[in-house]
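Chain and residue survey
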Amino acid sequence: MTKRTLSLLLILLGLVSLFMAGCATNPVTGRQQLMLVPESQAISASRQAYAQMLAPIREEGRLNSDPAVKARIDRITGRVVAQAIAYRPETRNWEWEMQVIDNDVPNAFAMAGGKMGIYTGMITKLNATDDELAQVIAHEVAHALSAHTAEKMSVALATNLAVAGFALSGERSQVAM
C-alpha cells in the first residue's frame, strides 16, 4: 500500500466516522441530517449575519418603510410563530424577528433562531392575501425549526475538511485550484 493510498484511506475513514457521529434525525421532518454544527452556533452566526445584511438596507431606507405593511406582516408572523413555539417550546427563547425589505422580487428567507425577511415583491407583485402570506411565512419558520442553517453549515464544514484532507494527502497536483 502506497503512502498516498494509506493517507486517502485514513482520510476516508475519518470522514465516514465524522459523518456517522454527525448524522441525526431531524425531530421536525424525520429525515436524516448531517449536524456537525450545533444549532446554538448557527443561531449565533445567523444573528450576526442578519444584522450585517440589514445594515445597508436600513441605511438606504428600504427596511420597514411602510408602517401598514410592517404591521400586517408582524400580525401574520406573530400568529405563525405562536404555533412554532407550541410545536417546539424551546424556541420561545429565540429572538424571532421579521423584517420587510423593499425589493420587487417575490421572495422571503429565514435564518437560524427565527431571523427572517420578506420582500415587498411577495406582497405587491403577487397581491398576496393574509392566508397566502401566512403560508410563505410558515414555510420560512419551518426552515428555522428544522435547523436548516446548521445543516448547511455542517455540509460546508464537511466539504472543507474533505478538501483539506485531500490537499494534505500529498497529491497537490490533482487538487483543483
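Structure's up top.
Residues numbered from 1 in each chain as written. Predicted model: local features only at pLDDT ≥ 70, side-chain atom pairs only at ≥ 80, totals over all residues. Heavy atoms only, no water.

It is worth spelling out the overall build of the chain at this point. In terms of regular secondary structure, the chain is built from six helices and five strands. Taking all 177 residues of the chain together, the buried fraction comes to 35%. When contacts within the chain are restricted to residue pairs at least 6 apart in sequence, those whose partners lie at least 24 apart make up 63%. Entry remark: accessible area of the chain is about 10,200 Å², with carbon and sulfur atoms responsible for 60%. (Helix = DSSP H or I, 4+ residues; strand = E, 2+ residues; numbered from the N terminus. Buried < 20%, exposed > 50% of the residue type's maximum accessible area, 1.4 Å probe, protein only. Contact = heavy atoms within 4.5 Å. Areas by Shrake-Rupley, 256 points an atom, 1.4 Å probe, with all protein chains shown as cover.)

What follows covers the pairing of strand β5 (residues 115-119). Here β5 lies mainly inside the structure; five of its five residues are buried. Burial along β5 is two-sided: the residues Lys115, Gly117 and Tyr119 and Met116 and Ile118 are all buried. As paired elements, strand β3 (residues 97-101) and β5 share five bridges and run parallel to each other. When the bridges of β5 are listed, Ile101 appears paired with Tyr119. Of the strand pairs in this sheet, strand β4 (residues 108-111) and β5 are connected by four bridges, and their pairing is antiparallel. Counterpart to Phe109 in the pairing with β5 is Gly117. (Pairing = 2+ DSSP bridges.)

This brings us to the packing of aromatic side chains. For the structure shown, the criterion picks out three aromatic pairs. Judged by centre distance (5.1 Å) and plane angle (40 degrees), the ring pair of Trp94 and Trp96 falls under tilted. By relative accessible area, which is 12% here, Trp94 ends up buried. Taken together through their ring pairs, the aromatic side chains of Tyr50, Phe109 and Tyr119 make up a single cluster. (Phe/Tyr/Trp six-rings, centres within 6.5 Å; stacked < 30°, edge-to-face > 60°.)

Next up on the list: helix α2 (residues 39-59). Across its 21 residues, α2 extends 30 Å between first and last C-alpha, which sits within 8% of the 30 Å expected from 1.5 Å per residue. Among the residues of α2, Ala42, Ile43, Ser46, Tyr50, Leu54 and Ile57 are the ones counted as buried. At the C-terminal side of α2, Gly61 shows a positive phi close to 75 degrees. (Expected span 1.5 Å × (residues − 1).)

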